[in-house]
Amino acid sequence: LRMASAARRVDHGREALRSLLTNALPAWKSLSEQLGVPELVRETGHFVVWESPASAAPGLAAWRSADIGNARFHECDADEMRLLAGLVKRAPAGAIRFENTGQIADLPKLADALRAFITARNGRIVNAKARAVAHRERSVNVTLDDGSSVEADFAVIAAGVRSRELIEPYCSSVPI
């Protein structure tokens, strides 16, 4: 634990996260345009809301000292607080509004657009549990949990914490 919290490691992690966050919104915009559904990316920012003064003060202080990359925020004004109060059971004790952030407006529609885009280009989506990934000279072979395998030009490994066991044979360090 001590090594993971060393200043050098923290700085390295912060820079890695910043590069991901800085490129995320432009990448989503580009992808949604390629898919023909640019309206799915909403660049409306987001709110962080606190329900009590006891959580609002330290929460605001934490955000003020946080590295938020290219995002910005401001404390909500009276109009924004009224808007938020109308959305929740109890009026918030405090809130901030982020700018230069966004969200996907309709995840099922995004999934449908991705599926259509991939299959229109003779791609195939396989929803299965991967047991192993083997890199070939010009392809990837994925062994599935049922014993079958799939050969592909590339594979996207999005297995969360379980990604480590699939990637580890090919990397000296997998910081998951």
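Since we're looking at a predicted model, the values are computed, not measured. Every chain is numbered independently, its residues counted from 1 as its sequence is written. Only residues with pLDDT of at least 70 get local features here, since the model is predicted, and only at 80 or more are side-chain atom pairs given and counted; chain-wide, interface and lining totals rely on the full set of residues. Side-chain measures were taken over the full set of non-hydrogen atoms in the model, leaving aside hydrogen atoms and water.

*Asks:* Help me get a handle on the overall build of the protein chain, residues and values and all.
*Replies:* Note on conventions: DSSP H or I runs of at least 4 residues are helices, E runs of at least 2 residues are strands, and numbering of each starts at the N terminus. A tally of helices and strands in the protein chain yields five helices and eight strands. Sequence-ordered secondary structure for the protein chain, helices as α and strands as β, is α-β-β-α-β-α-β-β-α-β-β-β-α. Computed over C-alpha atoms, the radius of gyration of the protein chain comes to 21 Å, more than 25% over the 16 Å expected from 2.2 N^0.38 for 176 residues, which places it beyond the range of a compact globule. In terms of overall dimensions, the protein chain has C-alpha extents of about 60 × 45 × 30 Å along its principal axes. Computation of the radius of gyration draws on C-alpha atoms, with the globule rule given as 2.2 Å multiplied by the number of residues to the power 0.38.

*Asks:* An account of the side chain of S163 is needed here, citing residue identities and associated values.
*Replies:* Within the element layout of this structure, S163 appears in helix α5 (residues 163-167). Relative accessibility under 20% of the residue-type maximum defines a buried residue, over 50% an exposed one, and the middle range a partly exposed one, all with a 1.4 Å probe and only protein chains included. Accessibility expressed as a relative area gives 4% for S163, which makes it buried.

*Asks:* Explain the sheet that holds strand β8 (residues 149-152) residue by residue, including any values.
*Replies:* Paired strands are those between which DSSP finds at least two bridges. Pairing is antiparallel across the open sheet formed by three strands, whose spatial order is β6-β7-β8. Only two strands of the sheet have a single neighbouring strand rather than two, namely β6 (130-135) and β8. Shown here is a sheet whose adjacent strand axes are inclined to one another by a mean of 20 degrees, direction ignored. Pairing between strand β7 (residues 140-144) and β8: four bridges, direction antiparallel. Within the sheet, the bridge partner assigned to V142 lies in β8 and is V150. Note on geometry: axes are lines fitted to C-alpha atoms, helical ones only across the stretch in contact, with angles between N-to-C directions running from 0 to 180 degrees.

*Asks:* Describe the environment of V161, naming the residues involved and giving the relevant values.
*Replies:* The topology assignment puts V161 in the loop between β8 and α5. In this structure the C-alpha to C-alpha distance between V161 and P175, which are 14 residues apart in sequence, comes to 9.6 Å.

*Asks:* Outline unusual backbone geometry, listing residues and values.
*Replies:* Even without glycine at this site, N100 takes up a positive phi of about 65 degrees. Secondary-structure assignment places N100 in the loop between β4 (94-99) and β5 (103-104). For N122, which is not glycine, the phi torsion reads 65 degrees and is therefore positive. Within the fold, N122 resides in the loop between α4 (107-120) and β6.

*Asks:* How would you summarise the packing of helix α1 (residues 7-35) against α4 if you had to cite specific residues and measurements?
*Replies:* Running from N to C, α1 and α4 point in directions that differ by 60 degrees, and their axes come no closer than 10 Å. Between α1 and α4, the interaxial angle falls into the category oblique. For the pair α1 and α4, the crossing hand works out as left-handed. Where α1 abuts α4, its residues W28, L31, Q34 and L35 lie against L110, A113, L114 and F117. Along the lines of polarity and charge, the residues of the contact of α1 with α4 split into seven nonpolar, one polar and no charged. We call two directions roughly parallel when the angle between them is under 35 degrees, roughly antiparallel when it is over 145, roughly perpendicular when it lies between 65 and 115, and oblique otherwise. Two helices cross in a left-handed way if the nearer one is turned anticlockwise from the farther one by less than a right angle. They cross in a right-handed way if the turn is clockwise. Residue contacts are counted whenever heavy atoms from the two residues lie within 4.5 Å of one another. Gly counts as polar in this scheme, as do all residues outside two lists: the nonpolar Ala, Val, Leu, Ile, Met, Phe, Trp, Tyr, Cys and Pro, and the charged Asp, Glu, Lys and Arg.

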